[in-house]
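# Results of the structural survey
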Amino acid sequence: MIVRKIRENELKRSAQLSALAFEYPMEGAEKSPEAFIREVRERPRSLEDARWDSRWAAFEDDDETMMATFCVLPWHATFDGHDVVMGGIGGVATLPQYRRGGAIRCCFEAALPDMYAQGMVLSYLYPFSNAFYRRFGYEIACDEARWTLRLALLPSLDAPGRWAMQEPGRDLTADIRAIDEARSRRYNCAVRKGDTEYDWTGADPFVTRNYTFVYYEDDAPLAYATIQARPHEDLRCLRCGFNDRRGLEGLLALLRRYAADHERAVLPMPVDVDPRATLPEFSLGGVERAVVQRGMARVVNVEQALALAKAKGEGTLRVRVTDGQIPENNGGFEVRFAPGMKNDVRRTDAAPDVALTIQDFSRLLLGCCAFEPEWLPGVALHGDIEGARKLFYPKPNYITQRF
Ligand SMILES: CC(C)(COP(=O)(O)OP(=O)(O)OC[C@H]1O[C@@H](n2cnc3c(N)ncnc32)[C@H](O)[C@@H]1OP(=O)(O)O)[C@@H](O)C(=O)NCCC(=O)NCCS
């Protein structure tokens, strides 16, 4: 088996593998490989197009017959207030006749050290199976809260601002982006979106039947929501964004106006937002909250991630990490931290305070769970638990970008 990044005449084949594996109709199936790549180069419609050369593939020994593929998209994302490069894994696909032959394992074994060499700090993906991606160092990461609100029980909330609708002739994209940009700085794993991630704002809502509204107070954009309303169905908020209570209240006030035609609305939110203080009524099934898993993360560069991590107070912690794919991440690291000081990270052979797998290290350093060794089978605590909790503690995390 040969594993390498694809060449330009192989992009179409790689796209065919993804279409087959994910069972969707392929766009451009009639084009020659040359015409296929030319179009992607001339008119990239996504980061995946713009970085078509970030696709890996496994080939038979002839170095021509493609068996499996995936892409590693260099997203910019937030980690503890820093902008880092996060390799977004997408389109993971093996032709059925080659499955269970180790083709994807070989691709990860080549791609992960390459991501390290390129300076990526994190990686993220949306799994079909947690167990499958745990083999490659990923661990469950961000969650999303889905709130179902009974519209008749929402306060009428005379929000002081005004709403405007995105439609041809009225482009509110810059305001939507400003709301997203402010939010993405607050959450670990949140992707800084570029122009192509806002293509959807160009769609005509009278064709898609998905209507996007932006809420303003004193001309400042405070919230937006794309609402899918279908007769006799719950209102679905396909996406929404806000950064404070005023924005949330504006959003609820808009939803309330649908109460005559719809019983309930479903809204996606970061898990640290709790709108219940704003809602006057919880009884009669007025509010329900479901938490859904939104992907898996992996630290690609342990040393860099430790250097950038925001610690609480002052201290020194020695961690020992085991990583099956990236050799540089294996071993002991001593981290010294203090308020106003850059973390000092050194390699050490001294006995660790905490020994962990790369999976648990990733989940804990991103703040996706509390440091409770009792519930984390991959964590061995040798030192003081309160010391470990200065580095490993729950932090805001949220991701909305799909790939
Ligand atoms: C999922 C998929 C990409 C796996 O590809 P593959 O080339 O068969 O994977 P590999 O042979 O490299 O398997 C790697 C390991 O995972 C195991 N594995 C393979 N398929 C698995 C599955 N469906 N569930 C759990 N484990 C699986 C293998 O046994 C192997 O274990 P090992 O390395 O410890 O021995 C392939 O089945 C596929 O294309 N599926 C349809 C598309 C899809 O679901 N893609 C993933 C989207 S997130």
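All values reported here derive from a predicted model rather than from experimental measurement.

## Observations concerning the sheet that holds strand β17 (residues 344–348)
A sheet is described by the order of its strands in space; here five strands give the open sequence β17-β16-β15-β18-β19, paired in mixed fashion. A strand with exactly one partner marks an edge of an open sheet, and here the two such strands are β17 and β19 (379–381). Across this sheet, the average inter-strand angle for adjacent strands is 20°, counted without regard to direction. Sheet topology places strand β15 (residues 315–322) next to strand β18 (residues 354–357); four bridges connect them, and they run parallel. Along β18, the bridge assignment pairs Val 319 with Val 354. Against the sheet, helix α10 (residues 358–365) makes contact with β15, β18 and β19, and its axis sits at roughly 105° relative to β18, the strand it touches most.

## What to know about the packing of aromatic side chains
This structure, assessed with the given rule, holds 18 aromatic pairs. Centre to centre, the rings of Phe 70 and Phe 108 are 4.6 Å apart; their planes meet at 35°, and the pair counts as tilted. Remark: Phe 108 occurs in helix α4 (residues 103–117) and Phe 70 occurs in strand β3 (residues 66–79); sequence separation between them is 38 residues. Each member of the pair, Phe 70 as well as Phe 108, carries the same accessibility label: buried. Among the aromatic residues, those joined into a cluster by ring pairs are Phe 70, Phe 108, Phe 128, Phe 132, Tyr 133, Phe 136 and Tyr 138. A cation over an aromatic ring shows up here: Lys 395 above the ring of Tyr 393, its NZ or CZ 5.0 Å from the ring centre.

## Describing a negative patch on the surface
A contiguous patch of negative charge, built from Glu 60, Asp 61, Asp 62 and Glu 64, is present on the exposed surface. With respect to the element layout, Glu 64 can be found in the loop between β2 (55–59) and β3.

## Structural notes on the sheet that holds strand β5 (residues 122–125)
Taken together, the seven strands give an open sheet; going across it, the order is β1-β2-β3-β4-β5-β14-β6, and neighbouring strands pair in mixed fashion. With one partner strand each, in any of the chains shown, β1 (2–5) and β6 (139–140) form the two edges of the open sheet. With two bridges joining them, β6 and strand β14 (residues 296–299) adopt antiparallel strand pairing. In the sheet register, Glu 139 faces β14, and the bridge partner there is Ala 297. On top of the sheet, helix α1 (residues 11–22) reaches β2, β3 and β4 (82–94); it is set at about 90° to β3, its chief contact.

## Considering the side chain of Arg 230
Tracing the chain through its elements places Arg 230 in the loop between β10 (220–228) and β11 (235–242). It turns out Arg 230 is buried and unbridged, and the closest side chain with the opposite charge, Glu 233, is 5.7 Å from it. Separated by 3.0 Å, the side chain of Arg 230 and the backbone oxygen of Arg 209 make a polar contact. Setting aside residues up to four positions removed in sequence, Arg 230 forms contacts with Thr 208, Arg 209, Asn 210 and His 262.

## Observations concerning helix α6 (residues 173–184)
Its 12 residues place the ends of α6 16 Å apart at the C-alpha level, agreeing with the 16 Å of an ideal helix rising 1.5 Å per residue. If you check which residues of α6 are buried, you get Thr 173, Ile 176, Ile 179, Asp 180, Arg 183 and Ser 184. Here the buried residues of α6 occupy an arc of 130° about the axis, which is enough to place them on one side. Considering only its buried residues, α6 is in contact with β3, β9 (210–217), β10 and β11.

## Looking at the side chain of Asp 323
When you line up the elements, Asp 323 lands in the loop between β15 and β16 (331–337). At a separation of 2.7 Å, a polar atom in the side chain of Asp 323 contacts the side chain of Arg 298. Beyond its immediate stretch of four places on either side in the chain, Asp 323 contacts Arg 298, Asn 329, Asn 330 and Ile 358.

## A look at the domain arrangement of the protein
Domain annotation for the protein reports domain 1 (2–125), domain 2 (145–293) and domain 3 (301–388). Measuring from the centre of the C-alpha atoms in domain 1 to the corresponding centre in domain 3 gives 31 Å. Between domain 1 and domain 3, the residue contacts involve 13 residues of the former and 12 residues of the latter. Carbon and sulfur atoms make up 66% of the area that domain 1 and domain 3 hide from each other, which totals about 1200 Å². Across the domain 1-domain 3 interface, the total number found is zero salt bridges.

## Describing the nonpolar core
One finds Tyr 124, Leu 306, Phe 361, Leu 365 and Phe 392 to be the most contacted residues of the largest nonpolar core, which totals 46 residues. The biggest single contributor to this core is β3, with five residues. The two domains that each donate at least three residues to this core are domain 1 (2–125) and domain 3 (301–388). Every residue in contact with Phe 392, bar those within four places of it in the chain, is listed here: Leu 317, Val 319, Leu 356, Phe 361, Leu 364, Leu 365 and Phe 371. One finds Leu 11, Ala 19, Met 26 and Met 66 within the second-largest nonpolar core, a separate group that totals 39 residues.

## Regarding the site of the ligand
For the ligand, the set of nearby residues contains 18 residues, the closest of which are Thr 94, Arg 100, Gly 102, Arg 105 and Arg 135. A distance of 3.3 Å is found between an oxygen atom of the ligand and a backbone nitrogen or oxygen belonging to Gly 101. One nitrogen or oxygen atom from the main chain of Ile 104 is found 3.1 Å from an oxygen atom belonging to the ligand. Broken down by secondary-structure element, the contributors of at least two residues to the shell around the ligand are α1, β4, α4 and α5 (130–134).

## Quick look at the pattern of salt bridges
A complete count under the given rule lists 32 salt bridges for this structure. Across the pair Asp 195 and Arg 177 runs a salt bridge whose closest N-O atoms are separated by 2.7 Å. Linking Asp 195 in the loop between α6 and α7 (205–208) with Arg 177 in helix α6, this pair joins segments that are 18 residues apart in sequence. Overlapping salt bridges, with partners in common, bring together Arg 4, Arg 7, Glu 10 and Asp 63 in one network.

Rules used throughout
Residues numbered from 1 in each chain as written. Predicted model: local features only at pLDDT ≥ 70, side-chain atom pairs only at ≥ 80, totals over all residues. Heavy atoms only, no water. Pairing = 2+ DSSP bridges. Helix = DSSP H or I, 4+ residues; strand = E, 2+ residues; numbered from the N terminus. Axes fitted to C-alpha atoms, helices over the stretch in contact; angles between N-to-C directions. Contact = heavy atoms within 4.5 Å. Phe/Tyr/Trp six-rings, centres within 6.5 Å; stacked < 30°, edge-to-face > 60°. Buried < 20%, exposed > 50% of the residue type's maximum accessible area, 1.4 Å probe, protein only. Lys NZ or Arg CZ within 6 Å of the ring centre and 35° of its normal. Patch = residues over 30% accessible without salt bridge, like charges linked within 9 Å, V, L, I, M, F, W, Y side chains within 5 Å. Areas by Shrake-Rupley, 256 points an atom, 1.4 Å probe, with all protein chains shown as cover. Salt bridge = Lys/Arg side-chain N within 4 Å of Asp/Glu carboxyl O. Lys, Arg positive; Asp, Glu negative; His and termini not counted. Charge placed at Lys NZ, Arg CZ, Asp CG, Glu CD. Polar contact = N/O pair within 3.5 Å; in protein donor to acceptor, adjacent residues only side chain to side chain. Expected span 1.5 Å × (residues − 1). Arc of directions from axis to C-beta. Domains from an automatic or database assignment. Buried area = accessible area lost by both parts, 1.4 Å probe. Core = buried A, V, L, I, M, F, W, Y, C linked by side-chain atoms within 4.5 Å. Near = heavy atom within 4 Å.

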